[in-house]
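# Breakdown of the fold
Spelled out, the chains give:
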Amino acid sequence: MEDTILVTGGAGFIGSNFILQQMERSSPHLINLDKLTYAGNLRNLETIARNPRYEFVHGDIGDRLLARSLLQRRQPRAIVHFAAESHVDRSIRGPDDFLRTNVDGTFALLEEARAYWTELAGQDKSTFRFLHVSTDEVYGSLASNDAPFSETTPYAPNSPYAASKAGSDHFVRAYHHTYGFPTLTTNCSNNYGRFQFPEKLIPLMILNARAGKPLPVYGDGQNVRDWLYVEDHCGAIATVLERGKPGETYNIGGWNEQRNLDIVEMICDMVDEMAGCGEAPRRRLITFVKDRPGHDRRYAMNATKIERELGWRPKETFATGLRKTVRWYLENEEWVSGVTSGSYREWIETHYAS
Ligand code: NAD
Ligand code: TYD
């Protein structure tokens, strides 16, 4: 059998960056199991679509028969589980899909993966890994003077999205504790970079700024997030997969706390510089809108453990990473118009109506 890794949710923002990064390295065969929800986009993977080391399988992680036959047929040595509903605002408007995919879907995948792993023998069994990709949002919200989240911070999820990710993290933990199933969990801070669906802060602001549309900042704009360039996150996941200890969780972050308003202002200035000054100064487009219900004030990650134990640190600075990201969205008109039609426009119209 070929050396194979099963990736779930590989057509989304982080998953597709991970697959492309892995394909550039001398890497195993990759199978991408993705349902292609509104957030899944095979265009991200066009450059490798015909590569014999890559296979796309269209399906739901909750489809146990599909997962079972895929595991039997391809005999992967690891599963890297990205598939999820990932947008907090959508989870507030309609939590059902979050429970279905993030909790039930992860549970179904865990069950099938455990059954598959139980039948493995020898080295195949001892080296198998299930890597669960999670978020810092499970830890809740920090006050301005609180220490950053560490791996021992108690869970306190505040949004339906965070609650569903926390639920899945607990199942993953329990599968290691109860069955000895070789899990790894990563909890990462906010990512940014190419291929992020423009419902999230950074791409939404870049595209609105370019178009001269209002830039909707929730509340007072002083909420803080810890931002990490997506390629750094993908590198961290590869490191944990290679060297992480089964049963452990690893916090991943950029040591990069930023207030939302500061980010939006940086984006305005970069778009003024790169897209011409027709709409400049774009800072005048900043519009304070009604706050997100239950909006967490601050996230910050203590990523000391992954640095100390596995030797990983982010490479990109926020200034260079944000610049690359702004440039990418401005230069990739076709990708942008591909995702900003239909259901995307409906979401924007409904969500920002008031
Ligand atoms: P995304 O929304 O861009 O992509 C999710 C992908 O999962 C899409 O391709 C979608 O089609 C697929 N998917 C959804 N439901 C599915 C199902 N039932 N079966 C199969 N595929 C399904 O998400 P993202 O931003 O790339 O996030 C990936 C993972 O990383 C998620 O688990 C998320 O919780 C986690 N995470 C994200 C961030 C962030 O800043 N984006 C930060 C930390 C952790
Ligand atoms: P988002 O990208 O949705 O990520 P998350 O909620 O997972 O952190 O939002 C990042 C921050 O930006 C968050 O504090 C909410 C804020 N925000 C706005 O102010 N306006 C917007 O239109 C969006 C989408 C987010």
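These lines cover the structure that appears in this document, whether it is placed above or below. (Residues numbered from 1 in each chain as written. Chains lettered and ligands numbered in written order. Predicted model: local features only at pLDDT ≥ 70, side-chain atom pairs only at ≥ 80, totals over all residues. Heavy atoms only, no water.)

### A look at the site of ligand 2
The condition is simple: Any residue with a heavy atom lying within 4 Å of a molecule or strand is counted as near it. Within 3.5 Å is the distance limit for a polar contact, defined as a pair of N or O atoms, with the added protein rule that one can donate a hydrogen and the other accept it, and that residues adjacent in sequence qualify only through two side-chain atoms. To be clear on the numbers: accessible area is Shrake-Rupley with a 1.4 Å probe, and residue cover counts the displayed protein chains and nothing else. Counting from the N terminus, the helices are DSSP H or I runs at least four residues long and the strands are E runs at least two residues long.
Near ligand 2 there are 19 residues, and of these E137, R225, R292, H295 and Y352 occur at the shortest range. Contacts to ligand 2 include E137, whose side-chain N or O atom sits 2.5 Å from an oxygen atom. Taking N260, its side chain carries an N or O atom lying 2.9 Å from an oxygen atom of ligand 2. Relative to its unbound accessible area of 510 Å², ligand 2 is 98% covered by the protein chains. If you list the elements that add at least two residues to the shell around ligand 2, you get α7 (201-211) and β8 (215-218).

### Regarding the site of ligand 1
Quick note on the threshold: Any residue that is not Ala, Val, Leu, Ile, Met, Phe, Trp, Tyr, Cys, Pro, Asp, Glu, Lys or Arg is counted as polar, Gly included; the first ten are nonpolar and the last four charged.
The full set close to ligand 1 counts 28 residues, and I14, D34, S86, Y161 and K165 are the nearest of them. Between ligand 1 and G12 there is a distance of 2.9 Å, counted from an oxygen atom to a backbone nitrogen or oxygen. A distance of 3.4 Å is found between an oxygen atom of ligand 1 and a backbone nitrogen or oxygen belonging to V133. Here ligand 1, which alone exposes 840 Å², has 97% of that area covered by the protein. Per element, the largest residue contribution to the shell around ligand 1 is three residues, and it comes from strand β5 (residues 129-135). When grouped by side-chain class, the residues that make up the shell around ligand 1 number 12 nonpolar, 12 polar and four charged.

### Side note on the nonpolar core
We count it as follows: Nonpolar core, defined: a set of buried Ala, Val, Leu, Ile, Met, Phe, Trp, Tyr and Cys residues in which side-chain atoms within 4.5 Å join the residues together. Working definition: with a 1.4 Å probe on protein chains only, accessible area under 20% of the residue-type maximum means buried, over 50% means exposed, and in between means partly exposed. Any pair of residues with heavy atoms lying within 4.5 Å of one another is described as a contacting pair.
Counting 65 residues, the largest nonpolar core has V80, I202 and I306 as the members making the most contacts within it. Aside from chain neighbours lying at most four places away, what touches V80 is I5, L6, V7, T8, F18, L131, V133, I237 and L241. By size, the runner-up hydrophobic cluster in this structure holds 20 residues, among which are I61, L70, L109 and Y116.

### As for the packing of aromatic side chains
So the rule is basically this: The rule is short: rings of Phe, Tyr and Trp, with Trp giving its six-membered ring, pair when the centres are within 6.5 Å, and they are stacked under 30 degrees, edge-to-face over 60, tilted in between. Only when the NZ atom of a Lys or the CZ atom of an Arg is both within 6 Å of the ring centre and within 35 degrees of the ring normal do we say a charge sits over the ring.
Going through the model one piece at a time under the given rule, you end up with 21 aromatic pairs. Ring plane angle 85 degrees and centroid distance 5.5 Å describe the contact between Y139 and Y155, whose orientation is recorded as edge-to-face. Taken together, the positions of Y139 in the loop between β5 and α6 (160-179) and Y155 in the loop between β5 and α6 put the pair 16 residues apart, joining distant regions of the chain. Taking relative accessible area as the criterion, Y139 reaches 4% and is therefore assigned buried. Here Y155 falls in the partly exposed class, since its relative accessible area comes to 27%. Of the aromatic side chains, those joined through ring pairs into one cluster are Y116, W117, F128, F130 and F181. Over the aromatic face of W347 sits the side chain of R90, whose NZ or CZ is 4.6 Å from the ring centroid. Looking at R114, its charged tip hangs above the ring of Y179, at a distance of 3.7 Å from the centre.

### Some remarks on the environment of R73
Tracing the backbone shows R73 in helix α2 (residues 64-74). Along the primary structure R73 and I306 are separated by 233 residues, whereas in three dimensions their C-alpha atoms are 34 Å apart. Here R73 is in contact with M1, E55 and V57, once residues within four sequence places are set aside.

### Remarks on the sheet that holds β5
Quick note on the threshold: Note on pairing: two strands pair once DSSP finds at least 2 bridges between them. Here the axes come from fitting lines to C-alpha atoms, over the contacting stretch only for helices, and the angles between their N-to-C directions go from 0 to 180 degrees.
Ordered in space as β3-β2-β1-β4-β5-β6-β10, the seven strands form an open sheet in which the pairing is parallel. At either end of the open sheet lies a strand with only one pairing partner, and these are β3 (54-58) and β10 (249-252). Each adjacent strand pair in this sheet contributes to an overall mean axis angle of 20 degrees, direction not counted. Each of β1 (4-8), β2 (29-34), β3 and β4 (78-81) is contacted by helix α1 (residues 13-24), which is oriented at about 170 degrees to β2, the strand it contacts most. Against the sheet, α6 engages β5 and β6 (183-188), with an angle of about 155 degrees to β5.

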